[in-house]
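Fold and contact review
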Amino acid sequence: MQLRPLGKTGLSIAPLVFGGNVFGWTADEKTSFDLLDAFAGAGFNAIDTADVYSRWAPGHEGGESEAIIGKWLKRSGISRDKVVIVTKVGSDMGQGRTDLRREWIVEAVENSLKRLQTDHIDLYLSHWPDAETPYEETLEAHADLVKAGKVRAFGASNLDAGQLRASFEAADRAGLPRYGALQPEYNLYDRAAFEGPLAELCLEEGLGVITYFSLAKGFLTGKYRAAADAEGKARGGDIPAYLDDKGLRVLAALDAVSAQTGAKPAEIALAWLMAKPAVTAPIASATSLAQLDSLVKAATLKLDAGQMAMLDEAGA
């Protein structure tokens, strides 16, 4: 598997990241272990999670995903240096607010390390902007974790171009290291927030970029063609918003490229992201081995210029 440098972080990852939001939620422990075994066995090395996964589920308190990954790391026998663990801090874990205060980061990282059953996190991300906490306080906390060996690199998620630039300026003023990676929402349908100033800033500053909701909450798999198709699904309530004129154009383009390549829509949507110069790797989830087998094929799918242009135009 050809690894890609994750910006200037010093980390290298395969061109697809496994989305661990499903672990302990829509994938039970055994299924999660099977999926992780298959993912690693196919030559991929990066797993994305967060302390808050899956706090939204009834009866959950957060940390379920990290705990399953930790158990898998212990039982898999895979050398720790062969796995890149990405997790996040800053979501409400009961504090009642988005929280990037130094005090919380220092507490939260220990909780994550314990659940993950490891002595270090490869990439630690500030999950959401915290308007009440100065960038300098958050960045210094992250930098101290790197010095202590508890974190290898750090970055952010859900920042717009202005916020990311402000974080750089704050780091430079304080003599602190900058965020080295970004995790934005970006896919063939949801493009406006990343394309343009934010993508350009990431390229200009050499940030590693791993995209979330890379399949638009499942819409880009092509299995939802009408609102009724989503009924009873875990994220079914999100699907109708995609079934507008643009969404139908995107599905038509995916169908056209599928007819040309023999690849499935999800594979094409991920390959489109992998071909974008500002993107290091998309994140995608699976809840069955059949789904995972399809997703990993995206890493070897090469779209030609005409196919890229068709997809670009459909989702513009």
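Described below are features of the structure shown in this document. Not measured: the values here are computed from a predicted model. Throughout this description, residue numbers start from 1 for each chain and increase along the sequence as written. For this predicted model, a pLDDT threshold of at least 70 governs which residues receive local features, and a threshold of 80 or more governs which side-chain atom pairs are given and counted, while totals over whole chains, interfaces and linings are taken from all residues. Excluding hydrogens and water, the side-chain figures rest on all heavy atoms present in the structure.

Bringing the overall build of the protein into the picture now. Helical segments are the DSSP runs of H or I of at least four residues, strand segments are the runs of E of at least two, and each set is numbered from the N terminus. Counting secondary structure elements, the protein contains 10 helices and 10 strands. We take the radius of gyration over the C-alpha atoms and set the globule estimate at 2.2 Å times the residue count to the 0.38 power. Taking 20 Å as the expected radius of gyration for a compact globule of 316 residues, we find that the protein reaches 19 Å, a close match to that expectation. Looking at the protein residue by residue over its 316 residues, the buried ones come to 53%. Contacts spanning at least 24 positions in sequence make up 76% of the contacts within the protein whose residues lie at least 6 apart. Where accessible areas are quoted, they stem from the Shrake-Rupley method and a 1.4 Å probe; at the residue level, only the protein chains shown are allowed to cover. As displayed, the protein has an accessible area near 13,100 Å², and 51% of this comes from carbon and sulfur atoms. Charged residues are defined here as Lys and Arg on the positive side and Asp and Glu on the negative side; His and the ends of the chain fall outside this count. Charge placement uses NZ in Lys and CZ in Arg. For Asp and Glu, CG and CD serve respectively. Positive and negative side-chain charges of the protein, numbering 33 and 43 respectively, have mean locations separated by a distance of 4 Å. Summary of the burial criterion: residues with accessible area below 20% of their type's maximum are buried, those above 50% are exposed, and those between are partly exposed, where the area comes from a 1.4 Å probe applied to protein chains only. Contact definition: two residues touch when any of their heavy atoms are within 4.5 Å.

So, on to the packing of aromatic side chains. Any two rings among Phe, Tyr and Trp, with Trp reduced to its six-membered ring, count as a pair given centres within 6.5 Å; such a pair is stacked if its planes are under 30 degrees apart, edge-to-face if over 60, and tilted if neither. Under the criterion given, the structure shown has 12 aromatic pairs. Ring geometry for Phe 18 versus Phe 39: centroids 5.2 Å apart, planes at 85°, classification edge-to-face. Note that Phe 18 is positioned in strand S3 (residues 17–19) and Phe 39 in helix H1 (residues 29–41), a separation of 21 residues in sequence. Judged by its relative accessible area of 1%, Phe 18 falls in the buried class. Since its relative accessible area comes to 2%, Phe 39 is described here as buried.

Axis lines are fitted through C-alpha atoms, for helices just across the contact stretch, and the angle between N-to-C directions can take any value from 0 to 180 degrees. At a closest axis distance of 8 Å, the pairing of helix H7 (residues 245–261) and helix H10 (residues 305–314) adopts a crossing angle of 165°. In terms of orientation, H7 lies roughly antiparallel with respect to H10. Here H7 and H10 pass one another in a crossing that is left-handed. Here Lys 246, Arg 249, Val 250, Ala 253, Leu 254, Ala 256, Val 257, Gln 260 and Thr 261 of H7 lie close against H10, whose contacting residues are Gln 307, Met 310, Leu 311 and Ala 314. For this classification, the nonpolar set comprises Ala, Val, Leu, Ile, Met, Phe, Trp, Tyr, Cys and Pro, the charged set comprises Asp, Glu, Lys and Arg, and every other residue, Gly included, is treated as polar. Class assignment of the residues belonging to the contact of H7 with H10 gives a composition of eight nonpolar, three polar and two charged. Convention used here: angles under 35 degrees read as roughly parallel, angles over 145 as roughly antiparallel, angles from 65 to 115 as roughly perpendicular, and any remaining angle as oblique. What makes a crossing left-handed is the near helix being turned counterclockwise from the far one by less than a right angle; a clockwise turn instead makes it right-handed.

In a helix, the anticipated span is given by 1.5 Å times the number of residues less one. End to end, H1 covers 18 Å across 13 residues, agreeing with the expected 18 Å (1.5 Å per residue, within 8%). Those residues of H1 not exposed but buried are Ser 32, Phe 33, Leu 35, Leu 36 and Phe 39. Buried residues in H1, looked at end-on, bunch into an arc of 165°, giving them a common side. Opposite its buried face, H1 presents the exposed residues Lys 30 and Gly 41, each directed more than 90 degrees away. Packing partners of the buried residues in H1 comprise S3, strand S4 (46–48), helix H2 (64–76) and helix H9 (289–297). Once H1 ends, the next one or two residues include Gly 43, with phi positive near 100°. What the arc covers is the set of directions going from the helix axis to the C-beta atoms.

This next bit is on unusual backbone geometry. With an omega of 5°, the peptide bond running from Tyr 53 to Ser 54 counts as cis. Positive phi, normally seen in glycine, also occurs at Asn 158, with a value near 65°. With respect to the element layout, Asn 158 can be found in the loop between strand S7 (151–157) and helix H5 (161–174). With phi around 50°, Phe 213 is a residue other than glycine that occupies positive phi space. Assignment of secondary structure puts Phe 213 in the loop between strand S9 (208–211) and H7. Classification of Phe 213 by relative accessible area gives partly exposed; the value is 24%.

On to the environment of Gln 291, then. In this structure, Gln 291 sits in helix H9. Considered as a pair, Gln 291 and Ala 156 are 135 residues apart in the sequence and their alpha carbons are 28 Å apart. Separated by 2.8 Å, the side chain of Gln 291 and the backbone nitrogen of Thr 287 make a polar contact. The definition of a polar contact used here is a pair of N or O atoms within 3.5 Å, where within protein one atom must be able to donate a hydrogen and the other to accept one, and adjacent residues in sequence count solely through side-chain atom pairs.

With that out of the way, let us pick up the sheet that holds strand S5 (residues 84–89). With parallel pairing, the eight strands of this closed barrel are ordered in space as S3-S4-S5-S6-S7-S8-S9-S10. For this sheet, the mean angle separating the axes of adjacent strands, direction not counted, is 25°. In the packing of helix H3 (residues 102–116) onto the sheet, contacts are made with S5, strand S6 (121–126) and S7, and the angle to S6 comes to roughly 140°. When DSSP finds two or more bridges between two strands, those strands count as paired.

With that out of the way, let us pick up the nonpolar core. Take the buried Ala, Val, Leu, Ile, Met, Phe, Trp, Tyr and Cys residues and link them wherever side-chain atoms come within 4.5 Å; each set so joined is a nonpolar core. Ranked by size, the top nonpolar core spans 87 residues in total, and within it Tyr 124, Leu 164, Phe 194, Leu 220, Leu 254, Leu 303 and Leu 311 carry the most contacts. Apart from residues no more than four positions distant in its own chain, Leu 254 is found in contact with Leu 188, Leu 220, Pro 265, Ile 268, Ala 269 and Leu 311. Ranked by size, the runner-up nonpolar core spans 15 residues in total, among them Ile 13, Val 84, Val 86 and Ala 281.

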